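# Residue-level structural notes
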Amino acid sequence: MENLDAKNMPSPPLKPYKCLLKTQIFLRILATAFTLASTWIILTSKQTVTVFGLEMDARYSYSPIFKFFAFANIIGCAFSVLSLFLASVLSHKCLDPKNYFYMFLHDLIVMAVLLAGCAAATAIGYVGKYGESHSGWMPICDHVSKFCHKVTDSVMLSYFAVLFYLCLAIISANQSRQIQV
């Protein structure tokens, strides 16, 4: 009898789900674009200046923190493309709430990776801009301002991608609440 009741239950209207799916696809496109732009900017950020007769070179690859930030954005971009593909496939398949749960987990993990990279780059960027007097670290952004501006732009774009992934995680979590246990 339970089987008949389950089969005769009306299916939810498809229009809100299609709208949510289009929103997810749009946010995933934005996340892909912002992580790609952030990656491109950090990978091309370099500046050489002469200070007191010494040539000083600033590159992202000189700092393990900026390398981590670059790799976090590369991973975020790659998984954004993957999730964009999966969301497109899901739009043509059945709207199973379990799929939203898996997308929620995916979005949460990518958001955490991007946020970790952003937090690390922000911390090292702060030290680069203001220095750390207790440790004796001097600020370098006075000398390599072009490099610092590019890194700042890259970190800002990556924070926007984190916000897009936060929105995606909220949408997926809300849709996965409908899982029947």
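Residues numbered from 1 in each chain as written. Predicted model: local features only at pLDDT ≥ 70, side-chain atom pairs only at ≥ 80, totals over all residues. Heavy atoms only, no water.

If you look the protein up in an unreviewed UniProt entry, it shows as CASP-like protein from Nicotiana attenuata. UniProt's Sequence similarities (unreviewed entry) comment on the protein is quoted here verbatim: "Belongs to the Casparian strip membrane proteins (CASP) family." Here is the UniProt Subunit (unreviewed entry) comment for the protein, exactly as written: "Homodimer and heterodimers." (UniProt positions renumbered as here; feature names shortened; annotations may be inferred.)

### Description of a nonpolar patch on the surface
A contiguous nonpolar patch, built from Leu43, Phe71, Ile74, Ile75, Phe79, Leu82, Phe85, Leu86 and Val89 and spanning about 770 Å² of accessible area, is present on the exposed surface. With eight residues, the single largest contributor to the nonpolar patch is helix H3 (residues 64-92). (Patch = residues over 30% accessible without salt bridge, like charges linked within 9 Å, V, L, I, M, F, W, Y side chains within 5 Å. Areas by Shrake-Rupley, 256 points an atom, 1.4 Å probe, with all protein chains shown as cover. Salt bridge = Lys/Arg side-chain N within 4 Å of Asp/Glu carboxyl O. Helix = DSSP H or I, 4+ residues; strand = E, 2+ residues; numbered from the N terminus.)

### With respect to the state of the cysteines
For the structure shown, the criterion picks out one disulfide. Across the disulfide from cysteine 141 sits cysteine 148; the S-S distance is 2.0 Å. Classification of the bridge connecting cysteine 141 and cysteine 148 rests on its S-S torsion, roughly -90°, and on that basis the disulfide is left-handed. In this pair, the class of cysteine 141 matches that of cysteine 148, namely buried. (Disulfide = S-S within 2.5 Å. Buried < 20%, exposed > 50% of the residue type's maximum accessible area, 1.4 Å probe, protein only.)

### Details of the pattern of salt bridges
Evaluated as defined, the whole model comprises two salt bridges. For aspartate 107, the salt bridge is made with arginine 28, and the minimal N-O distance between the two is 2.9 Å. Here aspartate 107, found in helix H4 (residues 97-130), pairs with arginine 28, found in helix H2 (residues 14-43); they are 79 residues apart in sequence, far enough to count as distant. Accessibility classification places aspartate 107 together with arginine 28 in one group, the buried group.

### Describing the environment of aspartate 57
Looking at the secondary structure, you find aspartate 57 in strand E2 (residues 54-59). Exposure remark for aspartate 57: the relative accessible area of 28% places this residue in the partly exposed category. Sequence spacing of aspartate 57 and glutamine 47 is 10 residues, and the spatial spacing of their C-alpha atoms is 5.9 Å. Among the polar contacts made by the side chain of aspartate 57, one reaches the side chain of arginine 59 at a distance of 2.9 Å. (Polar contact = N/O pair within 3.5 Å; in protein donor to acceptor, adjacent residues only side chain to side chain.)

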